[in-house]
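# Architecture at a glance
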Amino acid sequence: QVQLVESGGGLVQAGGSLRLSCAASGRTLTRYVMGWFRQGPGKEREFVAGIRWGGAVTDYADSVKGRFTISREYAKNTVYLQMNSLKHEDTAAYYCAAWSSRRDSVDYWGQGTQVTVSS
(Lines give C-alpha, C1' and ligand atoms only; values in the text may rest on other atoms or scores of the structure.)
Protein backbone atom coordinates (compact mmCIF):
# COMPACT_ATOMS: atom_id res chain seq x y z
CA GLN A 1 0.00 0.00 0.00
CA VAL A 2 1.17 3.53 -0.82
CA GLN A 3 -0.17 6.71 0.76
CA LEU A 4 0.12 10.02 -1.09
CA VAL A 5 -0.49 13.39 0.54
CA GLU A 6 -0.41 16.57 -1.54
CA SER A 7 0.15 20.13 -0.38
CA GLY A 8 1.01 23.51 -1.84
CA GLY A 9 -2.09 24.47 -3.76
CA GLY A 10 -3.65 27.90 -3.56
CA LEU A 11 -4.65 31.06 -5.37
CA VAL A 12 -2.14 32.80 -7.62
CA GLN A 13 -2.27 35.46 -10.31
CA ALA A 14 -1.61 34.60 -13.93
CA GLY A 15 2.12 34.58 -14.59
CA GLY A 16 2.89 33.54 -11.03
CA SER A 17 4.34 30.35 -9.61
CA LEU A 18 3.41 27.60 -7.18
CA ARG A 19 5.13 24.44 -6.01
CA LEU A 20 3.11 21.37 -5.20
CA SER A 21 4.46 18.62 -2.96
CA CYS A 22 3.45 14.98 -2.70
CA ALA A 23 4.69 13.06 0.32
CA ALA A 24 4.70 9.33 -0.29
CA SER A 25 4.81 6.56 2.27
CA GLY A 26 4.28 2.85 2.36
CA ARG A 27 5.84 0.12 0.35
CA THR A 28 8.97 0.40 -1.76
CA LEU A 29 8.48 3.09 -4.36
CA THR A 30 11.30 2.26 -6.75
CA ARG A 31 8.99 0.21 -8.98
CA TYR A 32 6.50 3.07 -9.37
CA VAL A 33 6.29 6.03 -11.66
CA MET A 34 5.16 9.08 -9.67
CA GLY A 35 3.29 11.89 -11.26
CA TRP A 36 0.61 14.52 -11.34
CA PHE A 37 -2.79 14.68 -12.96
CA ARG A 38 -5.29 17.52 -12.92
CA GLN A 39 -8.99 18.01 -13.40
CA GLY A 40 -10.34 21.41 -14.32
CA PRO A 41 -13.95 22.57 -14.04
CA GLY A 42 -16.11 20.57 -16.42
CA LYS A 43 -13.11 18.69 -17.78
CA GLU A 44 -11.82 15.15 -17.60
CA ARG A 45 -8.81 14.31 -15.49
CA GLU A 46 -5.62 14.66 -17.54
CA PHE A 47 -1.98 13.72 -17.19
CA VAL A 48 0.40 16.58 -16.33
CA ALA A 49 3.83 15.15 -15.53
CA GLY A 50 5.56 11.96 -14.41
CA ILE A 51 8.94 10.84 -13.08
CA ARG A 52 10.36 7.40 -12.49
CA TRP A 53 11.18 6.97 -8.82
CA GLY A 54 14.22 4.84 -9.48
CA GLY A 55 15.64 7.11 -12.13
CA ALA A 56 15.47 10.55 -13.61
CA VAL A 57 13.28 9.99 -16.67
CA THR A 58 10.50 12.57 -16.85
CA ASP A 59 7.49 13.12 -19.07
CA TYR A 60 5.20 16.12 -19.53
CA ALA A 61 1.96 17.01 -21.18
CA ASP A 62 2.51 19.34 -24.13
CA SER A 63 0.42 22.03 -22.43
CA VAL A 64 2.90 22.38 -19.55
CA LYS A 65 6.26 21.72 -21.21
CA GLY A 66 8.70 24.51 -20.50
CA ARG A 67 6.60 25.84 -17.63
CA PHE A 68 6.29 22.93 -15.15
CA THR A 69 9.09 20.85 -13.68
CA ILE A 70 8.68 17.57 -11.82
CA SER A 71 11.36 16.39 -9.40
CA ARG A 72 11.78 14.05 -6.46
CA GLU A 73 13.70 14.08 -3.21
CA TYR A 74 14.64 10.60 -2.09
CA ALA A 75 15.44 11.53 1.51
CA LYS A 76 11.92 12.88 2.05
CA ASN A 77 10.07 10.45 -0.22
CA THR A 78 8.57 13.50 -1.84
CA VAL A 79 7.74 14.47 -5.40
CA TYR A 80 7.42 18.11 -6.39
CA LEU A 81 5.73 19.96 -9.21
CA GLN A 82 7.16 23.41 -9.78
CA MET A 83 4.68 25.43 -11.80
CA ASN A 84 5.84 28.67 -13.41
CA SER A 85 4.16 31.11 -15.79
CA LEU A 86 0.78 29.91 -14.63
CA LYS A 87 -2.21 30.51 -16.86
CA HIS A 88 -5.89 30.73 -16.06
CA GLU A 89 -6.40 27.43 -17.86
CA ASP A 90 -4.08 25.73 -15.35
CA THR A 91 -6.85 26.14 -12.77
CA ALA A 92 -7.71 22.64 -11.57
CA ALA A 93 -7.59 20.16 -8.75
CA TYR A 94 -4.16 18.56 -8.92
CA TYR A 95 -3.72 14.93 -7.91
CA CYS A 96 -0.57 13.04 -7.08
CA ALA A 97 -0.49 9.52 -8.47
CA ALA A 98 1.63 6.39 -8.54
CA TRP A 99 1.52 3.67 -11.16
CA SER A 100 3.56 0.56 -11.81
CA SER A 101 2.64 -0.12 -15.41
CA ARG A 102 0.75 2.46 -17.47
CA ARG A 103 -0.42 5.93 -16.51
CA ASP A 104 -3.95 5.08 -17.62
CA SER A 105 -3.91 2.44 -14.87
CA VAL A 106 -2.97 4.39 -11.74
CA ASP A 107 -2.48 2.26 -8.64
CA TYR A 108 -2.66 5.02 -6.00
CA TRP A 109 -4.13 8.53 -5.84
CA GLY A 110 -3.72 11.39 -3.43
CA GLN A 111 -6.67 13.39 -2.19
CA GLY A 112 -5.95 16.37 -4.44
CA THR A 113 -5.03 20.01 -3.94
CA GLN A 114 -6.74 22.97 -5.60
CA VAL A 115 -4.83 25.42 -7.78
CA THR A 116 -6.67 28.55 -8.87
CA VAL A 117 -5.08 30.99 -11.29
CA SER A 118 -6.76 34.37 -11.55
CA SER A 119 -6.60 36.15 -14.87
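### Notes on the overall build of the protein
The helix and strand inventory of the protein stands at zero helices and 11 strands. Reading the protein from its N end, one meets helices and strands in the order β-β-β-β-β-β-β-β-β-β-β. Rg of the C-alpha trace for the protein: 13 Å, near the compact-globule value of 14 Å for 119 residues, within the 12% margin. Principal-axis analysis of the C-alpha atoms gives the protein an extent of 40 × 30 × 25 Å. Sorting the 119 residues of the protein into buried and exposed places 45% on the buried side. Of the contacts made within the protein by residues no fewer than 6 positions apart, 55% connect residues no fewer than 24 positions apart. In the structure as shown, the protein presents an accessible area of about 6100 Å², 45% of it carried by carbon and sulfur atoms.

### As for the layout of surface pockets
Here the largest pocket defines a volume of roughly 150 Å³. Around the largest pocket sit Val33, Phe47, Gly50, Ile51, Arg52, Val57, Thr58, Asp59, Trp99, Ser101 and Arg103, which together line it. Counting only elements with at least two residues in the lining of the largest pocket, the list comes to β5 (46-52) and β6 (58-60). In terms of residues, the lining of the largest pocket owes the most to one element, β5, which gives four residues. In the lining of the largest pocket, the residues fall into five nonpolar, three polar and three charged.

### Description of the nonpolar core
Across soluble globular proteins, you tend to see nonpolar side chains buried next to one another. Among the nonpolar cores identified, the biggest contains 31 residues, and Leu4, Met34, Trp36, Leu81, Met83 and Tyr94 are the most heavily contacted of them. Grouped together as the second largest cluster of nonpolar side chains are six residues, Val33, Phe37, Phe47 and Val106 included.

### Topic: unusual backbone geometry
Phi at Asn77 is positive, roughly 50 degrees, even though this residue is not glycine. With respect to the secondary-structure elements, Asn77 resides in the loop between β7 (68-73) and β8 (78-83). Although it is not a glycine, Ser85 sits at a positive phi angle of roughly 50 degrees. With respect to the helices and strands, the residue Ser85 is situated in the loop between β8 and β9 (92-99).

### Considering the state of the cysteines
Taken as a whole, this structure holds one disulfide when the rule is applied. Note that Cys22 is cross-linked by a disulfide to Cys96, the S-S spacing being 2.0 Å. In this structure, the disulfide formed by Cys22 and Cys96 twists by about -80 degrees around the S-S bond and is classed as left-handed. In this pair, Cys22 sits in strand β3 (residues 18-26) while Cys96 sits in strand β9, placing the two residues 74 residues apart along the sequence. Residues Cys22 and Cys96 agree in their burial class; the two are buried.

Conventions we followed
Residues numbered from 1 in each chain as written. Predicted model: local features only at pLDDT ≥ 70, side-chain atom pairs only at ≥ 80, totals over all residues. Heavy atoms only, no water. Helix = DSSP H or I, 4+ residues; strand = E, 2+ residues; numbered from the N terminus. Rg over C-alpha atoms; globule rule 2.2 N^0.38 Å. Buried < 20%, exposed > 50% of the residue type's maximum accessible area, 1.4 Å probe, protein only. Contact = heavy atoms within 4.5 Å. Areas by Shrake-Rupley, 256 points an atom, 1.4 Å probe, with all protein chains shown as cover. 1 Å grid on protein atoms, 1.4 Å probe; cavity = no way out; pocket = protein on both sides within 12 Å on 5 of 7 lines; lining within 4 Å. Points joined across faces, edges and corners; volume = space filled by probe spheres on them. Nonpolar A, V, L, I, M, F, W, Y, C, P; charged D, E, K, R; others polar. Core = buried A, V, L, I, M, F, W, Y, C linked by side-chain atoms within 4.5 Å. Disulfide = S-S within 2.5 Å.

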